[in-house]
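A closer look at the structure
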Amino acid sequence: MTVTVLPIIEQDAKPAVPLAKVMNERLKRLAAELESIHLKDLKSVEPMFEDVVIYMSYNSKYSVRWKIVNDVPEHVSSLVTAQCDMLGYIKWKEASLYNFNGKS
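If you're wondering where the values come from, they're calculated on a predicted model, not measured in any experiment. (Residues numbered from 1 in each chain as written. Predicted model: local features only at pLDDT ≥ 70, side-chain atom pairs only at ≥ 80, totals over all residues. Heavy atoms only, no water.)

1. Focus on the sheet that holds strand S1 (residues 2-7)
Put simply, the test is: Any two strands with at least two DSSP bridges between them are considered paired. By the criteria applied, helices consist of DSSP H or I runs no shorter than four residues and strands consist of E runs no shorter than two, each listed in order from the N terminus. The contact criterion used throughout is that any non-hydrogen atoms of two residues lie within 4.5 Å. In this analysis, axes come from line fits to C-alpha atoms, helices being fitted only over the stretch in contact, and the angle between any two N-to-C directions falls in the range 0 to 180 degrees.
Pairing is mixed in the open sheet, where 4 strands are placed in the order S1-S2-S3-S4. With one partner strand each, in any of the chains shown, S1 and strand S4 (90-91) form the two edges of the open sheet. Docked against the sheet, helix H2 (residues 74-87) engages strand S2 (51-58), strand S3 (64-68) and S4, running at close to 175° with respect to S3.

What follows is the structure, given as structure tokens:
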């Protein structure tokens, strides 16, 4: 299985702000570590031609959040969840794109 962890860098942050640069570099490092160290066991999971793609970002309180963005088997999702929980990362809660409150 191919494991890809992508850091989602905030483009709104000004590059001149030292904290933004440090936080973006930290997120890149954490994503690389999650992919190459913490989820390395997934590389030997069958079927070998499948992929798991994970996005990482910060929430508004600068906690690391994550989400799997493609369809994966339940056991793969459980393994990713267990590793991210152990590292203290929080699951990315997203609002539905199709949330309509209008009356018909």
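2. Structural notes on the pattern of salt bridges
Test applied: Salt bridge, as used here, is a side-chain nitrogen of Lys or Arg placed within 4 Å of a carboxyl oxygen of Asp or Glu. A 1.4 Å probe rolled over the protein chains alone gives each residue an accessible area, and that area as a share of the maximum for its type sets the label: buried under 20%, exposed over 50%, partly exposed in between.
Going through the model one piece at a time under the given rule, you end up with 2 salt bridges. Ionic pairing is found between Glu25 and Lys28, a salt bridge with its closest N-O pair at 3.6 Å. Placement of the pair is Glu25 and Lys28 together in helix H1 (residues 18-38), with a separation of 3 residues, close to one helical turn. Under the relative-accessibility criterion, Glu25 is labelled partly exposed at 43%. Between Glu33 and Arg29 there is a salt bridge, and its shortest N-O distance comes to 3.3 Å. With Glu33 and Arg29 both in helix H1 and 4 residues apart, the pair spans about one turn of that helix.

3. Examining the environment of Gly88
Inspection of the secondary structure assignment puts Gly88 in the loop between H2 and S4. Its relative accessible area of 53% is what places Gly88 among the exposed residues. Note: C-alpha distance between Gly88 and Ser63 (25 residues apart in sequence) is 8.7 Å.

4. Some words on the pairing of S3
Here is the rule we go by: The path from the first strand over the helix to the second decides the hand: if it runs clockwise while the strands point away from the viewer, the crossover is right-handed.
Counting buried residues in S3 gives 4 out of 5 residues, a clear majority hidden from the surface. Direction of pairing for S2 relative to S3: antiparallel, over a ladder of 5 bridges. Note on S3: the bridge partner recorded for Tyr58 is Val64. Between the parallel pair S3 and S4, the chain is carried across by H2, and the sense of this crossover is right-handed.

5. A short note on the packing of aromatic side chains
The line we're drawing: Stacked, tilted and edge-to-face are the three classes applied to pairs of Phe, Tyr and Trp rings, where Trp contributes its six-membered ring and a pair requires centres within 6.5 Å; stacked means planes under 30 degrees apart, edge-to-face means over 60, and tilted covers the rest. For a ring to carry a charge above it, either NZ of a lysine or CZ of an arginine must fall within 6 Å of the ring centroid while also lying within 35 degrees of the normal to the ring plane.
Under the counting rule described, the total for this entry stands at 1 aromatic pair. Summarising the aromatic geometry, the rings of Tyr58 and Tyr62 are spaced 6.2 Å apart at their centres and angled 65° between planes, so their arrangement reads as edge-to-face. A cation sits over an aromatic face here: Arg65 above Trp92, 4.0 Å from the ring centre. Lying across the ring of Trp92, Lys67 places its NZ or CZ 4.5 Å from the centre.

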